[in-house]
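Chain by chain, the residues:
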Amino acid sequence: MPDSLFRAPAWLLGLVSALCLSGCAVQGAPSFVVAGAFFPAWMACAAIGFAAAAGARGIFVATGLAGVLPLQFFVCGAIGVLAALGCSLVWFGR
């Protein structure tokens, strides 16, 4: 097969890369100051999600659902992801 079939013109590559970068904002990543240093907000949301997953596991064990609930790791993981994404959405509006 000829190489010309798989080569894209330079303007097309430039257009595609410009469209891919159009979602980037000038304001930067969400962060807050902790002890004089910038702390990334995604880490705080991840910690909240981890705590929610651990709390859900504790509730499942305390109520006896741990014995009948299949795939507990995935259920607790999904609860943690929902908590982290919900925290990010409420806290930062993204």
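Everything quoted here is computed from the prediction, not taken from an experiment.

Trainee: Which parts of the structure should I look at to understand the pairing of strand β1 (residues 31–34)?
Mentor: Two faces belong to every sheet, and in a regular strand the side chains alternate between them. Where β1 meets strand β2 (residues 37–40), four bridges bridge the pair, whose relative direction is antiparallel. Pairing of Ser-31 across the sheet is with Pro-40, part of β2. Connecting β1 to the antiparallel partner β2 that follows it, the hairpin turn spans two residues, and Ala-35 within it adopts a positive phi of roughly 55 degrees.

Trainee: What is the right way to look at helix α3 (residues 72–92) in this model?
Mentor: Quick reminder: α-helices carry 3.6 residues per turn. Residues three or four places apart thus point the same way. When the terminal C-alpha atoms of α3 are compared, their 30 Å separation across 21 residues agrees well with the 30 Å that a helix rising 1.5 Å per residue should span. Three or more residues of α3 are buried, namely Gln-72, Cys-76, Gly-80, Ala-84 and Cys-87. Seen end-on, α3 carries its buried residues on one side only, within an arc spanning 100 degrees. Opposite the buried face of α3, by more than 90 degrees, sit the exposed residues Phe-74, Leu-82, Leu-85 and Leu-89. The inward-facing, buried residues of α3 abut α2 (41–63). Taken from the residues just after α3, Gly-93 is the one with a positive phi, measuring 70 degrees.

Trainee: Explain the packing of aromatic side chains to me, please; I cannot follow it from the model alone.
Mentor: The geometry of an aromatic ring pair is captured by the separation of the ring centres together with the interplanar angle, meaning the angle of the planes. For the structure on display, the rule yields one aromatic pair. Judged by centre distance (5.7 Å) and plane angle (75 degrees), the rings of Phe-73 and Phe-74 are edge-to-face. Residue classification places Phe-73 among the exposed residues on the basis of a relative accessible area of 68%.

Trainee: Is there a simple way to explain the packing of α2 against α3 in this structure?
Mentor: Relative orientation and spacing of two packed helices are given, respectively, by the angle between their axes and the distance between those axes. Following both chains from N to C, one finds α2 and α3 inclined at 140 degrees, their axes separated by 7 Å at the closest point. Here α3 runs oblique to α2, going by the angle between their axes. Note that α2 runs across α3; the crossing there is right-handed. In this structure, α2 uses Ala-41, Ala-44, Cys-45, Ile-48, Gly-49, Ala-52, Ala-53, Ala-56, Arg-57 and Phe-60 to contact α3, whose residues at the interface are Gln-72, Val-75, Cys-76, Ile-79, Gly-80, Ala-83, Ala-84, Cys-87, Ser-88, Trp-91 and Phe-92. Of the residues that constitute the contact of α2 with α3, the class distribution is 16 nonpolar, four polar and one charged.

So, how was this worked out
Residues numbered from 1 in each chain as written. Predicted model: local features only at pLDDT ≥ 70, side-chain atom pairs only at ≥ 80, totals over all residues. Heavy atoms only, no water. Pairing = 2+ DSSP bridges. Helix = DSSP H or I, 4+ residues; strand = E, 2+ residues; numbered from the N terminus. Expected span 1.5 Å × (residues − 1). Buried < 20%, exposed > 50% of the residue type's maximum accessible area, 1.4 Å probe, protein only. Arc of directions from axis to C-beta. Contact = heavy atoms within 4.5 Å. Phe/Tyr/Trp six-rings, centres within 6.5 Å; stacked < 30°, edge-to-face > 60°. Axes fitted to C-alpha atoms, helices over the stretch in contact; angles between N-to-C directions. Parallel < 35°, antiparallel > 145°, perpendicular 65-115°, else oblique. Left-handed = near helix turned anticlockwise from the far one by under 90°. Nonpolar A, V, L, I, M, F, W, Y, C, P; charged D, E, K, R; others polar.

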